[in-house]
Amino acid sequence: MDCVVIHADATSIEALKEAKAEKADAIVVTTNDDSINALVILLAKQLGIKRLVSSVNNEDHLHVFEQMGIDTVESPYRLNGRYLYRAVLGPNVKEFLDLGDGFEILEMIVHQNSIIANKMIKELNKERTLPKDSRIILLKRNNQIIIPEGETRIFVKDIVVVLSKKERVSIVSDIFGHKNNGN
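The following paragraphs examine the structure supplied in this document. None of these values were measured; they are calculated from a predicted model.

Oppositely charged side chains can form a pair if their charged atoms are brought close together. A full pass over the atoms with the stated rule returns 6 salt bridges. Residues Asp 71 and Arg 51 are paired through a salt bridge, measuring 3.7 Å at the closest nitrogen-oxygen approach. Of this pair, Asp 71 sits in the loop between α3 (62-67) and β3 (72-74) while Arg 51 sits in strand β2 (residues 51-55); the two residues are 20 residues apart in sequence, bridging distant segments of the chain. The class of Arg 51 is partly exposed, set by a relative accessible area of 38%. Salt-bridge contacts for Arg 141 lead to Asp 158; the nearest nitrogen and oxygen are separated by 2.7 Å. Here Arg 141, found in strand β7 (residues 134-141), pairs with Asp 158, found in the loop between β9 (153-154) and β10 (159-165); they are 17 residues apart in sequence, far enough to count as distant. Relative accessible area serves as the criterion here: at 2%, Asp 158 is assigned to the buried category.

Set out below in structure tokens:
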């Protein structure tokens, strides 16, 4: 997927046409002005651009943008708030994806003092180290993707991807950071 960034007046249909916007798969609009974002989205729809993404700065306008048929509408303040909240709730979580229905995918690095460091998946399962509604679904080691099985060993500095219930994020995060030694 190529991404073209245009520095022009996107509220001008001529500027969008000159940029060949009608050939674009998507448009992402992120100005600080909701009225400009709305106008650019309407022009993009007029040009037949299928995927429409816009930030909305005033949360009172979210419903208006959703009614315009925009595929993805998000407030940068809400996004940042969720990210900061996740940082407090799961300080060892490097990246996360909210799947809805109460589940998230979490990406974490195994630290030296982690209780899972140097253990095999089957040991973690036997010891019930992770909450019952959390599963390690992928490891990344030395730029290699590993789909873990029982004999797979987890090493310090591995990047581990976990599917977990939202309410278990703090527990899962703690497991990746420090051994249970009272600290």
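On to the pairing of strand β1 (residues 26-29). Burial along β1 is one-sided: Ile 27 and Val 29 are buried, and none of Ala 26 and Val 28, which face the opposite way, are. As paired strands, β1 and β2 are joined by 4 bridges and run parallel to one another. When the sheet's bridge partners are listed, Ile 27 is paired in β2 with Leu 52. Once the chain exits β1 it traverses helix α2 (residues 34-46) before rejoining the sheet at β2, and the crossover so formed is right-handed.

We now examine the environment of Phe 103. Here Phe 103 shows up in strand β5 (residues 103-109). Phe 103 gets classed as partly exposed once you look at its relative accessible area, which sits at 28%. Sequence separation of Phe 103 and Glu 167 is 64 residues, and the distance between their C-alpha atoms is 8.7 Å. Setting aside anything within four residues of it in sequence, one finds Phe 103 in contact with Leu 97, Asp 98, Asp 133, Leu 163, Ser 164, Lys 165 and Lys 166.

Moving on: the layout of surface pockets. Of the volumes computed, that of the largest pocket is approximately 810 Å³. Val 4, Ile 6, Ala 26, Ile 27 and Val 28 are, among the 29 residues lining the largest pocket, the residues nearest its centre. Every element with two or more residues in the lining of the largest pocket is listed here: α1 (13-18), β1, α2 and β2. In terms of residue count, the dominant contributor to the lining of the largest pocket is β1 (4 residues).

All right, on to α2 then. Every α-helix carries 3.6 residues per turn, so stepping three or four residues along brings you back to the same face. Across its 13 residues, α2 extends 18 Å between first and last C-alpha, which sits within 8% of the 18 Å expected from 1.5 Å per residue. Looking at α2, one finds that the buried residues are Asp 34, Asn 37, Ala 38, Val 40, Ile 41, Leu 43 and Ala 44. On the buried face of α2, the contacting elements are α1, β1, β2 and α3. A positive phi of about 90° marks Gly 48, the residue just after α2.

Its location among the elements puts Leu 84 in helix α4 (residues 76-89). Exposure remark for Leu 84: the relative accessible area of 48% places this residue in the partly exposed category. Here the alpha-carbon distance between Leu 84 and Val 169, two residues 85 residues apart in the chain, equals 14 Å.

Negative phi is the rule for most residues except glycine; trans is the rule for most peptide bonds. A positive phi is found at Asn 142, a non-glycine position, where the angle reads about 50°. You can see Asn 142 is positioned in the loop between β7 and β8 (144-146). With a phi close to 60°, Asn 143 is a non-glycine residue in the positive phi region. Mapped onto the secondary structure, Asn 143 falls in the loop between β7 and β8.

Basis of the calculations
Residues numbered from 1 in each chain as written. Predicted model: local features only at pLDDT ≥ 70, side-chain atom pairs only at ≥ 80, totals over all residues. Heavy atoms only, no water. Salt bridge = Lys/Arg side-chain N within 4 Å of Asp/Glu carboxyl O. Helix = DSSP H or I, 4+ residues; strand = E, 2+ residues; numbered from the N terminus. Buried < 20%, exposed > 50% of the residue type's maximum accessible area, 1.4 Å probe, protein only. Pairing = 2+ DSSP bridges. Right-handed = clockwise from strand over helix to strand, strands pointing away. Contact = heavy atoms within 4.5 Å. 1 Å grid on protein atoms, 1.4 Å probe; cavity = no way out; pocket = protein on both sides within 12 Å on 5 of 7 lines; lining within 4 Å. Points joined across faces, edges and corners; volume = space filled by probe spheres on them. Expected span 1.5 Å × (residues − 1).

In short, geometric facts, not functional conclusions.
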